[in-house]
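In case you want the letters, here they are:
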Amino acid sequence: MSDTVFVVGGAGYIGSHAAQRLHRRSIVPVTLDNLSTGWRDFVRWGPFVHADIRDEAAVRAALKLYRPRMVMHFAAKIVVPESTKNPLLYYDNNVVGSLSLIRACVEHGVEQFVFSSTAAVYGEPEVVPIPLDAPKLPVNPYGATKHIVERALTDIAAASKTMGVTIFRYFNAAGAMPDARVGERHEPETHLIPNVLKAASEGRPLSVFGDDYDTPDGTCVRDYIHVSDLVRAHTAVLDKPSSPGETRVFNLGTGVGRSVREVIEACREVTGAEVKYEVKPRRPGDAPSLVAGDTEKAREALAWTPERSDVKTIVEDAWRWYQKELA
C-alpha cells in the first residue's frame, strides 16, 4: 500500500483516532474535513485539507496532490433526532457528498475505500445479537442515508473492477485515547458515557429515557466498543485489503451488551461520584437492544480483536479525557 491514506472527516472523534493510528504505523494521514462538526486541534498527525466532500473540485485536487491508494470515509452527519427534523441536510451531506467523494476516488484510481457505516441500517432488529444478513430496515434518515451509500459502494466497486471496498457497521463507539490527547467532543453531546461523566462531575441528574424496555433491568442495552479498537479494524485493512471489485461488510462490536444502568454504575465506580438520574419517557426510535452479531467475521478476515472494550476501561479512558477538557 501507499504510505499515504486519506482520512475524510479526520477532524472528528473517530477520524482523528484513525489518523493517530496511521501515524503510529508510519503512514501519512491526510485529513480532509470541512470543520462543521470536527475540530482543528484534533488534526495533529499529518497534512490538513480544509474542504467539503461536496466540493468535488477541491477533493479531486487533493487526491491529485497526495495520490492515496486508500481512503477512509468518516465524514457524515450522525445525530438521529436532527436527521428526522432535517432529512434534506442528511441526504445532501451523507448521500450526495459521499457519491461526489466516491466518484473522485474511482477516477483517481483509489485502490481501497473504507466506509464508516452504522448499526442503524438494521432499524429495530427482530434478532439480537444482530447478524450481518439481518434485514436492513432503517427507521430514521441517518440510518437510511448510510444504507444507500452502502448499496452504492457495492455497485460502484463491482462496476469499477479496480477498487476494493470495506464497510464497517459501528455499534456504540466510546472511550478516548489512553493518553487523553483526543476524546469525545460533540456539540451538543448526545452519547451516553460523556453525558454520565458530565453529570457525575457537575452533580446534576442525568436523563434516562425509558426504564420499561424488555431488557434485564428495563433500560436500553447497547454494544460499546472502544474507539481505539474500532480504528484498529480500519488500519487492519492495510494488511488485509479487499480484492478489486469486492465489497466486504463487517459488524464492529464486541458481541456483549451493556444496559444504561450498567454504564452508570461503571461511571460511579471509576469517578467515585454519585450519579443521580431521572427517568423520562422513551425516545422515538430507540430499540431495546442493539448488540453486534457475526463479530467473528471481522476477527477472522482482519486478524482483529478488541483489546480495550471492557466497559471499565472505556469509562476510565473517557474520564481521563473529560478531566483534561475541564482543566
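Structure: see above.
Residues numbered from 1 in each chain as written. Predicted model: local features only at pLDDT ≥ 70, side-chain atom pairs only at ≥ 80, totals over all residues. Heavy atoms only, no water.

**Thoughts on the packing of aromatic side chains**
Here is step 1: Inspection of the entire model under this criterion finds four aromatic pairs.
Here is step 2: Taking 6.0 Å as the distance between ring centres and 70° as the angle between the ring planes, the aromatic pair formed by Phe-42 and Trp-321 counts as edge-to-face. Of this pair, Phe-42 sits in the loop between β2 (28-33) and β3 (48-50) while Trp-321 sits in helix α10 (residues 311-326), and the two are 279 residues apart along the sequence.
Here is step 3: The buried category is assigned to Phe-42, whose relative accessible area is 1%.
Here is step 4: Given a relative accessible area of 5%, Trp-321 falls into the buried group.
Here is step 5: Here Arg-185 stacks its cationic end above the ring of Trp-39, 4.8 Å away from the centre of that ring.
Here is step 6: Sitting over the face of the ring of Tyr-213, Arg-282 holds its NZ or CZ atom 4.0 Å from the ring centroid. (Phe/Tyr/Trp six-rings, centres within 6.5 Å; stacked < 30°, edge-to-face > 60°. Helix = DSSP H or I, 4+ residues; strand = E, 2+ residues; numbered from the N terminus. Buried < 20%, exposed > 50% of the residue type's maximum accessible area, 1.4 Å probe, protein only. Lys NZ or Arg CZ within 6 Å of the ring centre and 35° of its normal.)

**Things to note about α10**
Here is step 1: Spanning 16 residues, α10 covers 22 Å between terminal C-alpha atoms, matching the ideal 22 Å at 1.5 Å per step.
Here is step 2: All of the buried residues in α10 are Val-311, Thr-313, Ile-314, Val-315, Asp-317, Ala-318, Trp-319, Trp-321 and Tyr-322.
Here is step 3: Residues of α10 that are buried make contact with β7 (172-174), α6 (192-202), β10 (224-226), β12 (258-259) and α8 (260-271). (Expected span 1.5 Å × (residues − 1). Contact = heavy atoms within 4.5 Å.)

**Quick word on the nonpolar core**
Here is step 1: Ranked by size, the top nonpolar core spans 27 residues in total, and within it Ile-14, Met-72, Phe-168 and Leu-252 carry the most contacts.
Here is step 2: The biggest single contributor to this core is helix α7 (residues 227-239), with seven residues.
Here is step 3: Dropping the residues within four chain positions of it, Ile-14 is found in contact with Phe-74, Tyr-170, Ala-173, Val-227, Leu-230 and Val-231. (Core = buried A, V, L, I, M, F, W, Y, C linked by side-chain atoms within 4.5 Å.)

**Thoughts on the packing of α6 against α8**
Here is step 1: Two elements in contact, α6 and α8, have axes whose closest approach is 10 Å; the angle formed by their N-to-C orientations is 45°. In terms of orientation, α6 and α8 fall into the oblique class. Seen along the crossing, α6 lies across α8 with a hand that is right-handed. Contacts between α6 and α8 involve Leu-192, Ile-193, Val-196, Leu-197 and Ala-200 from the first element and Val-260, Val-263, Ile-264, Cys-267 and Thr-271 from the second.
Here is step 2: A breakdown of the residues in the contact of α6 with α8 according to their chemical character gives nine nonpolar, one polar and no charged. (Axes fitted to C-alpha atoms, helices over the stretch in contact; angles between N-to-C directions. Parallel < 35°, antiparallel > 145°, perpendicular 65-115°, else oblique. Left-handed = near helix turned anticlockwise from the far one by under 90°. Nonpolar A, V, L, I, M, F, W, Y, C, P; charged D, E, K, R; others polar.)

**Observations regarding the side chain of Thr-215**
Here is step 1: Within the element layout of this structure, Thr-215 appears in the loop between β8 (206-209) and β9 (221-222).
Here is step 2: Within the local environment of Thr-215, its side chain forms a polar contact with the backbone nitrogen of Gly-218, the two atoms lying 3.1 Å apart.
Here is step 3: Aside from chain neighbours lying at most four places away, what touches Thr-215 is Val-221 and Pro-288. (Polar contact = N/O pair within 3.5 Å; in protein donor to acceptor, adjacent residues only side chain to side chain.)

**Things to note about the pattern of salt bridges**
Close approach of charged atoms allows side chains of opposite charge to pair.
Here is step 1: Here the structure, examined in full by the defined rule, presents 23 salt bridges.
Here is step 2: Residue Asp-239 pairs with Arg-25 through a salt bridge whose shortest N-O separation is 2.9 Å. Placement of Asp-239 in helix α7 and of Arg-25 in the loop between α1 (13-24) and β2 is noted, with a sequence separation of 214 residues between them.
Here is step 3: Since its relative accessible area comes to 32%, Arg-25 is described here as partly exposed.
Here is step 4: The residue Glu-274 makes a salt bridge to Arg-268 at a minimum N-O spacing of 3.4 Å.
Here is step 5: Glu-274 gets classed as exposed once you look at its relative accessible area, which sits at 55%.
Here is step 6: Take Arg-268: its relative accessible area is 22%, and that puts it in the partly exposed class.
Here is step 7: Several salt bridges converge on common partners, so that one network encompasses Glu-56, Arg-60, Arg-103 and Glu-107. (Salt bridge = Lys/Arg side-chain N within 4 Å of Asp/Glu carboxyl O.)

**Comments concerning the environment of Val-196**
Here is step 1: Mapping Val-196 onto the fold places it in helix α6.
Here is step 2: Through-space distance from the C-alpha of Val-196 to that of Ser-117 is 25 Å; in sequence the pair is 79 residues apart.

**A closer look at the side chain of Thr-4**
Here is step 1: When you line up the elements, Thr-4 lands in strand β1 (residues 4-8).
Here is step 2: Given the relative accessible area of 10%, Thr-4 is considered buried.
Here is step 3: In this structure the side chain of Thr-4 is engaged in a polar contact, spanning 3.4 Å, whose partner is the side chain of Asp-3.

In short, shape yes, function no, at least from these values alone.
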